[in-house]
Amino acid sequence: MVVLVDGPELAPHAIDRVVDVWRESGAEVVAATYGGNRGHPVLLTRAVWERIPDQGARSLPALLVPCDDVGAPGDVDVPEELPERFRKS
């Protein structure tokens, strides 16, 4: 399971959903989507590890799992982009 640390709003339900779909399908790569865009979490089975290019796994075909209803994880690149509740006072 790949979960990036720059997505502070990642819902645990998105992780559960991706794992559930993987268990049901046996797909080698399962990824959450938000607004139709592939995102995290991403589950990568051991069978694909050697095929992951240096640029990352995005180029690998994936079974996509809509997670719009649990909210997108966000993308924080600088401290100012953190949601207020995560900022130090």
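Residues numbered from 1 in each chain as written. Predicted model: local features only at pLDDT ≥ 70, side-chain atom pairs only at ≥ 80, totals over all residues. Heavy atoms only, no water.

Attention now goes to the overall build of the protein chain. For the protein chain, the helix and strand inventory stands at one helix and three strands. In terms of its C-alpha atoms, the protein chain occupies a principal-axis envelope of roughly 45 × 30 × 20 Å. Across the 89 residues of the protein chain, 31% fall into the buried class. Contacts in the protein chain between residues far apart in sequence, at least 24 positions, make up 57% of those at least 6 positions apart. Of the roughly 6,000 Å² that the protein chain leaves accessible, carbon and sulfur atoms contribute 53%. (Helix = DSSP H or I, 4+ residues; strand = E, 2+ residues; numbered from the N terminus. Buried < 20%, exposed > 50% of the residue type's maximum accessible area, 1.4 Å probe, protein only. Contact = heavy atoms within 4.5 Å. Areas by Shrake-Rupley, 256 points an atom, 1.4 Å probe, with all protein chains shown as cover.)

Moving on, we come to a negative patch on the surface. Where like charges cluster on the molecular surface, the negative patch consists of Asp 75, Asp 77, Glu 80 and Glu 81. Structurally, Glu 80 is set in the segment after β3 (63-66). Glu 80 gets classed as exposed once you look at its relative accessible area, which sits at 57%. (Patch = residues over 30% accessible without salt bridge, like charges linked within 9 Å, V, L, I, M, F, W, Y side chains within 5 Å. Salt bridge = Lys/Arg side-chain N within 4 Å of Asp/Glu carboxyl O. Lys, Arg positive; Asp, Glu negative; His and termini not counted. Charge placed at Lys NZ, Arg CZ, Asp CG, Glu CD.)

We now examine the side chain of Thr 33. Note on placement: Thr 33 falls in strand β1 (residues 29-34). The contacts of Thr 33, once residues within four sequence positions are left out, are Arg 38, Gly 39, Leu 64, Val 65, Pro 66, Cys 67 and Asp 68.

This next bit is on helix α1 (residues 12-25). Taking 1.5 Å of rise per residue, the 14 residues of α1 would be expected to cover 20 Å, and the 20 Å separating its terminal C-alpha atoms lies within 8% of that figure. Among all positions in α1, only Ala 14, Val 18 and Val 19 are buried. Angular distribution of buried residues about the axis of α1 spans 130 degrees; they occupy a single face of the element. α1 presents Pro 12, His 13, Arg 23 and Glu 24 as exposed residues on the side facing more than 90 degrees away from its buried surface. Packed against the buried residues of α1 are β1 and β2 (37-44). (Expected span 1.5 Å × (residues − 1). Arc of directions from axis to C-beta.)

These values are about where atoms sit, not about what they do.
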